[in-house]
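Chain and residue survey
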Amino acid sequence: EIGYTHTNISDVSDEPNAIYGVGSITLPVAQQFGVQIDAGGGRFDTDPNLTAAGIGAHGFWRDPNQGLLGVYGHYVRISGGGDSASIWRLGGEGEAYFDRVSVEAFVGADIVDGDGGSDTFFSGDLVAAFYATDNFRIHAGIGHQFDETFAKVGGEAMLPFASNNVALFADAGIGDDTQTYNVGLRIYFGEAGKSLKDRHREDDPRTRLLDFFGAGFNGADDGAAPPPCVTECGT
């Protein structure tokens, strides 16, 4: 996954943008069990500039006709301008499949250890997705990260070339004071010609690495709340 992120923040003129990339590999453990490893990084044009790099892991059971149940964890290191923070996310994820509808959920915690201290935040989301065709998906739901609740909307479309291996996606998180927009490409490896719906239900679980609401690192020097505590924690 290669993407671009833009964040709008109320009463802040210097709104951050970012370019990021995440890659995943899935390893079968048994007939319906698997392990997935995610790794990625990004650079955010905040003031000062921030970089993030992390690794995550999923352990899951999946039946393509029913759903997915699993555990998830990741570690992300943020640094820039002499400050740094470490963020761990731990929790459980699940999916349920109903013909052209999928329901996807995550419940867990973000544990932040920054230069100014440590804090723990509830992290969760609930999304309903509809496959208008086997290669076009739209979704909407609700999320909560770093004490902020926000609406989630988005879509993904498989492009009509490259053996159904390349998809265009767009997502938005819309809160009271912050809005985050992501666009990019996902490149799928493995079996050629598989539909987007089948890839989502049979292959890799969705990566959650670097999906922090508000770009995760906004406004540390602009008066906006800095959720991951890059400069101040617990404020």
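All values derive from a computational prediction rather than experimental measurement. (Residues numbered from 1 in each chain as written. Predicted model: local features only at pLDDT ≥ 70, side-chain atom pairs only at ≥ 80, totals over all residues. Heavy atoms only, no water.)

1. Digging into the overall build of the protein
Each helix and strand in the protein was counted, giving 1 helix and 12 strands. Starting at the N terminus and ending at the C terminus, the protein contains elements arranged as β-β-β-β-β-β-β-β-β-β-β-β-α. In the protein, buried positions account for 48% of the 235 residues. Contacts spanning at least 24 positions in sequence make up 49% of the contacts within the protein whose residues lie at least 6 apart. Here the protein has roughly 10,700 Å² of accessible surface; of this, 58% comes from carbon and sulfur atoms. (Helix = DSSP H or I, 4+ residues; strand = E, 2+ residues; numbered from the N terminus. Buried < 20%, exposed > 50% of the residue type's maximum accessible area, 1.4 Å probe, protein only. Contact = heavy atoms within 4.5 Å. Areas by Shrake-Rupley, 256 points an atom, 1.4 Å probe, with all protein chains shown as cover.)

2. Some words on the pairing of strand 3 (residues 33-44)
The alternating pattern of strand 3 places Gly 34, Gln 36, Asp 38, Gly 40, Gly 42 and Phe 44 on a buried face, while none of Phe 33, Val 35, Ile 37, Ala 39, Gly 41 and Arg 43, on the opposite face, is buried. The pairing of strand 2 (residues 17-30) with strand 3 spans 12 bridges and is classified as antiparallel. Opposite Pro 28, over in strand 3, you have Gly 34 as the bridge partner. Turn length for the strand 2-strand 3 hairpin, with the two strands adjacent in sequence and antiparallel, is 2 residues. (Pairing = 2+ DSSP bridges.)

3. Looking at the environment of Ser 123
Relative to the helices and strands, Ser 123 is located in strand 8 (residues 117-133). The spatial distance from the C-alpha of Ser 123 to the C-alpha of Asp 110 is 6.1 Å, given a sequence separation of 13 residues. Polar contacts involving the side chain of Ser 123 include one to the side chain of Asp 110, which spans 3.4 Å. (Polar contact = N/O pair within 3.5 Å; in protein donor to acceptor, adjacent residues only side chain to side chain.)

4. Quick notes on the side chain of Gln 179
By secondary structure assignment, the location of Gln 179 is in strand 12 (residues 178-187). Gln 179 gets classed as buried once you look at its relative accessible area, which sits at 17%. At 3.2 Å, the side chain of Gln 179 forms a polar contact with the backbone oxygen of Gly 175. Beyond its immediate chain neighbours, meaning those up to four positions away, Gln 179 contacts His 6, Thr 7, Asn 8, Gly 173 and Ile 174.

5. Here we look at the pattern of salt bridges
Tallied over the full model, the rule gives 15 salt bridges. Across the salt bridge formed by Asp 125 and Lys 152, the nearest N and O atoms sit 3.9 Å from each other. Placement of Asp 125 in strand 8 and of Lys 152 in strand 10 (residues 148-158) is noted, with a sequence separation of 27 residues between them. The pair Asp 125 / Lys 152 is uniform in exposure class, with both members buried. Residue Asp 125 is classed as buried on the basis of its relative accessible area of 11%. Connected via shared salt-bridge partners are Glu 93, Asp 125, Lys 152, Arg 206 and Arg 208. (Salt bridge = Lys/Arg side-chain N within 4 Å of Asp/Glu carboxyl O.)

6. Some details on the packing of aromatic side chains
The way to describe two aromatic rings as a pair is by their centre distance and the angle between their planes. Summed over the entire model, instances satisfying the criterion amount to 4 aromatic pairs. Ring centres 5.2 Å apart and planes at 50° place the aromatic pair Tyr 75 and Trp 88 in the tilted group. With Tyr 75 in strand 5 (residues 67-80) and Trp 88 in strand 6 (residues 83-98), this pair connects stretches of sequence that are 13 residues apart. With a relative accessible area of 28%, Tyr 75 lands in the partly exposed category. Judged by relative accessible area, which is 33%, Trp 88 ranks as partly exposed. A connected cluster of aromatic rings, assembled from ring pairs, spans Phe 121, Phe 146 and Phe 212. (Phe/Tyr/Trp six-rings, centres within 6.5 Å; stacked < 30°, edge-to-face > 60°.)

7. Quick notes on a nonpolar patch on the surface
A cluster of nonpolar side chains, Phe 98, Val 101, Val 103, Leu 126, Phe 130, Phe 136, Ile 138 and Ile 142, forms an exposed patch at the surface whose accessible area comes to about 670 Å². For the nonpolar patch, the elements supplying multiple residues, two or more each, are strand 7 (101-114), strand 8 and strand 9 (136-145). The dominant element in the nonpolar patch, judged by the number of residues it contributes, is strand 9, at 3 residues. Positionally, Ile 138 belongs in strand 9. (Patch = residues over 30% accessible without salt bridge, like charges linked within 9 Å, V, L, I, M, F, W, Y side chains within 5 Å.)

8. Focus: the sheet that holds strand 2
Spatial ordering of the closed barrel is given by 1-2-3-4-5-6-7-8-9-10-11-12, a layout of 12 strands whose pairing is antiparallel. The mean angle between the axes of side-by-side strands here comes to 20°, regardless of whether they run parallel or antiparallel. Where strand 10 lies against strand 11 (residues 166-174), 8 bridges are found, and the strand directions are antiparallel. Within strand 11, the position partnered with Ala 151 by the bridge is Ile 174. (Axes fitted to C-alpha atoms, helices over the stretch in contact; angles between N-to-C directions.)

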